[in-house]
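Residues per chain, in single letters:
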Amino acid sequence: MDVSNKTKVLIILTDGMHPDALKGIEKAENFIRESASTLQGRSVMPSDTLPCHMSLFKSVPPELHKCKSNSYTKPDKDYRTICDVLSHRDLKCAMLYSWEQLRDINRPNDIAFSCYINEEMYGYKETVHKLTDKAIELLREDICDFIFLHYDLIDEMGHHNGWLSDEYIDAVEYIWDEIYKVLEHTDDNTTVFVLSDHCGHEHDHGDECDTLIPVMIKGKSFEKGSALKDVSIMDIAPTVAKLFGIPSDPEWNGKALF
């Protein structure tokens, strides 16, 4: 298949964002109206950050990629990530994040641009600003085909103050303000995903109930205001590949969502 040089994909993953937290957040509700979406998507068990991200990028469950905690475990068999698939088609991928363990997802040389910001050094909100600015810089320069932007603030507020607490909801609103700053620099050729890796309850996550995630996709291939059905976090990689006109890797478990 031919790869379109005009196609761009931006994934914004807001770690720990509970679907119920989107109610009453004006920018989130507006994005849902402009997107194909579901508030009933599912992640994987254990519903912890690194296993969930491994399943997003590799489109297989933890039983196969063998990452079952937030500590990297070298698998017996490695599965291709979406960045591996894209880079072999000469497409440039970027990773922007403040949770350092995400460095373990991709193989060497699959990432054209990587930016890690230590939120313990810069503070949670300042780190968010720096990541937003870096995403805008990459979009303006038009040097990457695929950008993955990870915000950790919401998850941190969940652990510190409790999921769906007032402080948590404030963090959700804050992140959506940042998301819209980034969106101002996208064009009609860019498909934007906004989703989470897991939700949470009380002050933690990791249980089956925490696999519930929102998934929203805005772009030319998705009908505005439509409902996505039967969505797994493992469907993201095949969907991104199809947007670029690339077949899914035969070992991926997920499906394209259009």
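In case you missed it, the structure is sitting above this.
First things first, this report covers the structure right here in the doc. (Residues numbered from 1 in each chain as written. Predicted model: local features only at pLDDT ≥ 70, side-chain atom pairs only at ≥ 80, totals over all residues. Heavy atoms only, no water.)

## Notes on the state of the cysteines
Scanning all chains against the criterion turns up 0 disulfides. Cysteine Cys83 is unpaired, with the sulfur of Cys93 as its nearest cysteine sulfur at 4.0 Å. Just so you know, Cys115 is unpaired, no disulfide at all, and the nearest cysteine sulfur is the one on Cys144, 11 Å from it. (Disulfide = S-S within 2.5 Å.)

## Brief notes about the pattern of salt bridges
Taken as a whole and judged by the stated rule, the model has 16 salt bridges. With its nearest N and O atoms 3.9 Å apart, the salt bridge here joins Arg103 to Asp104. Judged by its relative accessible area of 45%, Arg103 is partly exposed. Residue Asp235 is joined to Lys255 by a salt bridge in which the shortest nitrogen-to-oxygen separation is 2.8 Å. (Salt bridge = Lys/Arg side-chain N within 4 Å of Asp/Glu carboxyl O. Buried < 20%, exposed > 50% of the residue type's maximum accessible area, 1.4 Å probe, protein only.)

## Notes on the layout of surface pockets
The computed volume of the largest pocket comes to approximately 280 Å³. Looking at the lining of the largest pocket residue by residue, the classes come out as 7 nonpolar, 5 polar and 7 charged. Considered as a void within the structure, the second largest pocket measures approximately 170 Å³ in volume. Lining the second largest pocket are 16 residues, with Lys8, Leu139, Asp142, Asp187 and Thr190 sitting closest to its centre. When residues of the lining of the second largest pocket are traced back to their parent elements, those giving at least two are strand 1 (8-14), helix 6 (124-141) and strand 5 (146-151). No other element matches the 3 residues that strand 1 contributes to the lining of the second largest pocket. (1 Å grid on protein atoms, 1.4 Å probe; cavity = no way out; pocket = protein on both sides within 12 Å on 5 of 7 lines; lining within 4 Å. Points joined across faces, edges and corners; volume = space filled by probe spheres on them. Nonpolar A, V, L, I, M, F, W, Y, C, P; charged D, E, K, R; others polar. Helix = DSSP H or I, 4+ residues; strand = E, 2+ residues; numbered from the N terminus.)

## Digging into the side chain of Thr127
By the secondary structure assignment, Thr127 is in helix 6. Taking relative accessible area as the criterion, Thr127 reaches 1% and is therefore assigned buried. A polar atom in the side chain of Thr127 sits 2.7 Å from the backbone oxygen of Gly123. Ignoring anything within four residues of it in the chain, the contact list for Thr127 reads Ser98, Ile117, Asn118, Glu119 and Tyr122. (Polar contact = N/O pair within 3.5 Å; in protein donor to acceptor, adjacent residues only side chain to side chain. Contact = heavy atoms within 4.5 Å.)

## Looking at the packing of helix 7 (residues 153-161) against helix 8 (residues 166-183)
Helix 8 packs onto helix 7 with a crossing angle of 175° between their chain directions and a minimal axis gap of 9 Å. It follows from the interaxial angle that helix 7 and helix 8 lie roughly antiparallel. Side by side, helix 7 and helix 8 meet where Leu153, Ile154, Met157, Gly158 and Asn161 of the first sit next to Glu167, Tyr168, Ala171, Val172, Tyr174 and Ile175 of the second. Considered class by class, the residues forming the contact of helix 7 with helix 8 number 8 nonpolar, 2 polar and 1 charged. (Axes fitted to C-alpha atoms, helices over the stretch in contact; angles between N-to-C directions. Parallel < 35°, antiparallel > 145°, perpendicular 65-115°, else oblique.)

## Quick notes on the environment of Ile12
With respect to the element layout, Ile12 can be found in strand 1. Residues Ile12 and Ile179 lie 167 residues apart in sequence; the distance between their C-alpha atoms is 7.8 Å.

## Quick look at the packing of helix 1 (residues 26-33) against helix 8
Packing of helix 1 against helix 8 brings their axes to within 8 Å, and their N-to-C directions diverge by 50°. In terms of axis orientation, helix 1 runs oblique to helix 8. Of the two possible hands of crossing, helix 1 and helix 8 adopt the one that is left-handed. Where helix 1 abuts helix 8, its residues Lys27, Ala28, Asn30 and Phe31 lie against Trp176, Asp177, Tyr180 and Leu183. Residue composition of the contact of helix 1 with helix 8, grouped by class: 5 nonpolar, 1 polar and 2 charged. (Left-handed = near helix turned anticlockwise from the far one by under 90°.)

## A look at the pairing of strand 3 (residues 93-97)
For strand 3, the buried fraction is high: 5 of the 5 residues fall into the buried class. With 4 bridges connecting them, strand 3 and strand 5 associate as parallel partners. Considered in strand 5, the bridge of Ala94 is made with Ile147. Sheet analysis places strand 3 next to strand 4 (residues 113-116), joined by 4 bridges and oriented parallel. What sits directly across from Met95, in strand 4, is Ser114. (Pairing = 2+ DSSP bridges.)

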